[in-house]
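Structural description and commentary
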Amino acid sequence: MELKWYIVHTYSGFESNVKMNLEERIKILGQEKYFGRILVPTEQVIELRKGQKRTSSRKFYPGYILVQMVLDEKTWHTVRNTAKVTGFVGGDVKPAPIPDEEAERIIRQMEEGLSRPKPKYQFEEGDEVRVIDGPFSNFQGIVDEMKPDKEKLRVLITVFGRPTPVELDFIQVNKV
């Protein structure tokens, strides 16, 4: 009996509920030896709310969870008949497992997200942004240069009709 990773499609926004319900069903049905880990792929992100830095959780794949299991008719029915589960990805009757390397990559990505939170938004040069914090609050500008290692941007903001370069933290701006 080898545990393999499967992707299960759920109602979006109910991933954590599905995980809890599935773990409960597994216990009630006594199928613990047929299941391994059940994951909701998330990462920690930093955002600015009301002038305060906040860390929140963001899902990589909204509407999906990863289930490590031995697939047979009983375990298939256990997962498939859990509330808010719409089915397996990769075939509804006999779904294909994802490669172990892919599952390990997602787990590594989750662990990195926990140890070093990322900014909520990702920027590229040329993106239009609105400043949400600091002396240039509510100004709009265009990203001129990125400094991802320092989590800073150089934004060209128009002040008195002239573009003015301003260096800001990632969390001080939102995409427009």
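Structure: above.
Residues numbered from 1 in each chain as written. Predicted model: local features only at pLDDT ≥ 70, side-chain atom pairs only at ≥ 80, totals over all residues. Heavy atoms only, no water.

Considerations on helix α2 (residues 73–80)
Inspection of α2 places Thr75, Trp76, Thr78 and Val79 among the buried residues, and these make up the whole buried set. One side of α2 carries all its buried residues, which in axial view fall inside an arc of 160°. Of the exposed residues in α2, those oriented more than 90 degrees away from the buried face are Glu73 and Lys74. Those residues of α2 that are buried are in contact with β1 (4–10), α1 (15–29), β2 (35–39), β5 (64–69) and β6 (85–88). For α2, the side-chain oxygen to backbone nitrogen distance between the N-cap and Lys74 is 3.0 Å, and the N-cap itself is Asp72. (Buried < 20%, exposed > 50% of the residue type's maximum accessible area, 1.4 Å probe, protein only. Helix = DSSP H or I, 4+ residues; strand = E, 2+ residues; numbered from the N terminus. Arc of directions from axis to C-beta. Contact = heavy atoms within 4.5 Å. Polar contact = N/O pair within 3.5 Å; in protein donor to acceptor, adjacent residues only side chain to side chain.)

Some details on the pattern of salt bridges
Tallied over the entire structure, the rule returns 10 salt bridges. Measuring nitrogen to oxygen at the nearest pair gives 3.8 Å for the salt bridge that ties Lys19 to Glu23. Of this pair, Lys19 and Glu23 both sit in helix α1, four residues apart, which is roughly one turn of the helix. Lys152 is the salt-bridge partner of Asp169, the closest N and O atoms lying 2.6 Å from each other. In this pair, Asp169 is assigned in strand β11 (residues 162–169) and Lys152 in strand β10 (residues 152–159), connecting sequence segments 17 residues apart. (Salt bridge = Lys/Arg side-chain N within 4 Å of Asp/Glu carboxyl O.)

Brief notes about the sheet that holds β2
The strand order across the open sheet formed by four strands is β2-β5-β1-β6, and the pairing between neighbours is antiparallel. Only two strands of the sheet have a single partner each, and these edge strands are β2 and β6. Each strand axis lies, on average, 30° off the axis of its neighbour in the sheet, ignoring direction. Strand direction decides the pairing type here: β1 and β6, joined by three bridges, are antiparallel. From the neighbouring strand, Thr10 faces β6, where its bridge partner is Val85. Against the sheet, α1 touches β1, β2, β5 and β6, its axis set at about 165° to β2. Set on the sheet, α2 makes contact with β1, β2, β5 and β6; between it and β6 the angle comes to about 145°. (Pairing = 2+ DSSP bridges. Axes fitted to C-alpha atoms, helices over the stretch in contact; angles between N-to-C directions.)

Points about the side chain of Thr75
Its place among the elements puts Thr75 in helix α2. On the basis of relative accessible area, Thr75 is assigned to the buried category, the value being 1%. Within the structure, the side chain of Thr75 is placed 2.7 Å from the backbone oxygen of Val70, a separation counted as a polar contact. Excluding anything up to four places from it in sequence, Thr75 contacts Gln31, Tyr34, Phe35, Met69 and Val70.

Function cannot be inferred from these measures alone, as they are strictly geometric.
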